[in-house]
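Topology and contacts: notes
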Protein chains: 2
Amino acid sequence: MKKNANLYDPSSASLSEEVTETLYVDEWVRIERIISTGQASPEGFWYDQKENEWVCVLEGQGAIQWEDGSTKVLDRGEWVLIPAHVRHRVLSTSATPPCIWLAFFWKC
Amino acid sequence: MKKNANLYDPSSASLSEEVTETLYVDEWVRIERIISTGQASPEGFWYDQKENEWVCVLEGQGAIQWEDGSTKVLDRGEWVLIPAHVRHRVLSTSATPPCIWLAFFWKC
């Protein structure tokens, strides 16, 4: 488990890949900070998670695509609930500034 | 349940009191945004929560005091875990800018 001193610190960002850091985990919940720099999910890839997820964008912009083709653009300070097993993918993320996600997962 | 369009939007802040907005709640978790503008817990008051709490400061500064007298100052982007039944109080919060807390609570 890697700890960040600061949620806004972009120094662990990588241009070549998304970086996920677990800020907290126990048997019930998991809290992650994810820094994206323009990455998106591969075409045709869908997340299908066992956990509920509440995710917000702390900096930059990220866009989620749902299986029906609709999208949800999250600007800085916006959030979305992704219930377990609702298939989704990351459609796009900003690179400048990096997209900093804060995600809260819990079992249901 | 009041929904915010944006975590950073300070427009619901009140100089006279702390404002708590529930962003999400279900039987397992609760997510709150709290805007403080200089308020602190009353002297001698201690939170003693049944839930675990992970809380971060999105803007401004807030300080937590523990029952042993030690304190944890949270600057913008910093966070702390407050396990259930660990007694604590809010020692101080910034007014300019307001202290915007984002708190995740879960049962344990």
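Residues numbered from 1 in each chain as written. Chains lettered and ligands numbered in written order. Predicted model: local features only at pLDDT ≥ 70, side-chain atom pairs only at ≥ 80, totals over all residues. Heavy atoms only, no water.

**A few points about the sheet that holds strand β5 (residues 71-75) of chain B**
Strand pairs in the sheet, formed through backbone hydrogen bonds, run parallel or antiparallel to each other. All names here are of chain B. Ordered in space as β5-β4-β7, the three strands form an open sheet in which the pairing is antiparallel. Only two strands of the sheet have a single partner each, and these edge strands are β5 and β7 (88-93). Adjacent strand axes in the sheet meet at a mean angle of 25° when their direction is disregarded. Two strands pair when backbone bridges link them, and strand β4 (residues 61-66) and β5 are joined in this way by five bridges, in the antiparallel orientation. Looking at β5, one finds that alanine 63 is bridged to valine 73. (Pairing = 2+ DSSP bridges. Helix = DSSP H or I, 4+ residues; strand = E, 2+ residues; numbered from the N terminus. Axes fitted to C-alpha atoms, helices over the stretch in contact; angles between N-to-C directions.)

**Details of the UniProt feature "domain: Cupin type-2" (unreviewed entry) in chain A**
What UniProt calls "domain: Cupin type-2" (unreviewed entry) maps, in this numbering, to residues 48-104 of chain A. Note that residues 48-104 of chain A is 0% helix and 61% strand, and that its end C-alpha atoms are spaced 16 Å apart. (UniProt positions renumbered as here; feature names shortened; annotations may be inferred.)

**A word on the nonpolar core**
Grouped burial of nonpolar side chains is what soluble globular proteins tend to show. Residues A:Trp54, A:Leu102, B:Trp54 and B:Leu102 are the most contacted members of the largest nonpolar core, which totals 30 residues. At the level of secondary structure, the elements contributing two or more residues to this core comprise β1 (19-25), β2 (29-36), β3 (52-59) and β8 (99-106) of chain A together with β1 (19-25), β2 (29-36), β3 (52-59) and β8 (99-106) of chain B. Not counting the four nearest positions on each side in its chain, B:Trp54 is found in contact with A:Leu7, A:Leu23, A:Tyr24, A:Ile31, A:Leu102, B:Trp79, B:Val80, B:Leu81, B:Leu102, B:Ala103, B:Phe104 and B:Trp106. (Core = buried A, V, L, I, M, F, W, Y, C linked by side-chain atoms within 4.5 Å. Buried < 20%, exposed > 50% of the residue type's maximum accessible area, 1.4 Å probe, protein only. Contact = heavy atoms within 4.5 Å.)

**Things to note about the pattern of salt bridges**
All names here are of chain A. Inspection of the entire model under this criterion finds 13 salt bridges over all chains. As a salt-bridge pair, arginine 30 and glutamate 32 come within 2.8 Å of each other at their nearest N and O atoms. Owing to a relative accessible area of 11%, glutamate 32 belongs among the buried residues under this scheme. (Salt bridge = Lys/Arg side-chain N within 4 Å of Asp/Glu carboxyl O.)

**Here's the deal with the pairing of β1(A)**
All names here are of chain A. Alignment of β1 against β2, held across six bridges, turns out to be antiparallel. Bridged to glutamate 21 within β2 is arginine 33. Between β1 and β2, which follow one another and run antiparallel, lie three residues.

**Some details on the relation of the copies chain B and chain A**
Aligned on chain A, chain B shows an RMSD of 0.0 Å; the corresponding rotation is 180° and the shift along the axis is 0.0 Å. What the superposition gives is, in effect, a two-fold axis relating one chain to the other. A share of 100% of the interface residues of chain B reappears at the interface of chain A, consistent with the copies meeting face to face through the same patch. (Least-squares fit on C-alpha atoms with pLDDT ≥ 70 in both.)

**Some thoughts on the interface of chain B and chain A**
On the chain A side, the residues contacting the 27 residues of chain B number 27 residues. Among the residues of chain B in contact with chain A, B:Tyr8, B:Trp79 and B:Trp106 are the three that bury the most area, contributing 25% of the side total. Linking chain B with chain A are two salt bridges, by the criterion used here. With a closest N to O distance of 3.3 Å, A:Glu59 and B:Arg76 form a salt bridge. For the pair chain B and chain A, the interface holds eleven residue pairs in polar contact (both at pLDDT 80 or more). Of all the elements in the fold, those that place two or more residues in the side of chain B that touches chain A are β1, β2, β3, β6 (79-82) and β8 of chain B. The greatest single-element share of the side of chain B that touches chain A, amounting to six residues, is contributed by β3(B). Looking at the side of chain B that touches chain A, its residues break down into 18 nonpolar, four polar and five charged. (Buried area = accessible area lost by both parts, 1.4 Å probe. Polar contact = N/O pair within 3.5 Å; in protein donor to acceptor, adjacent residues only side chain to side chain. Nonpolar A, V, L, I, M, F, W, Y, C, P; charged D, E, K, R; others polar.)

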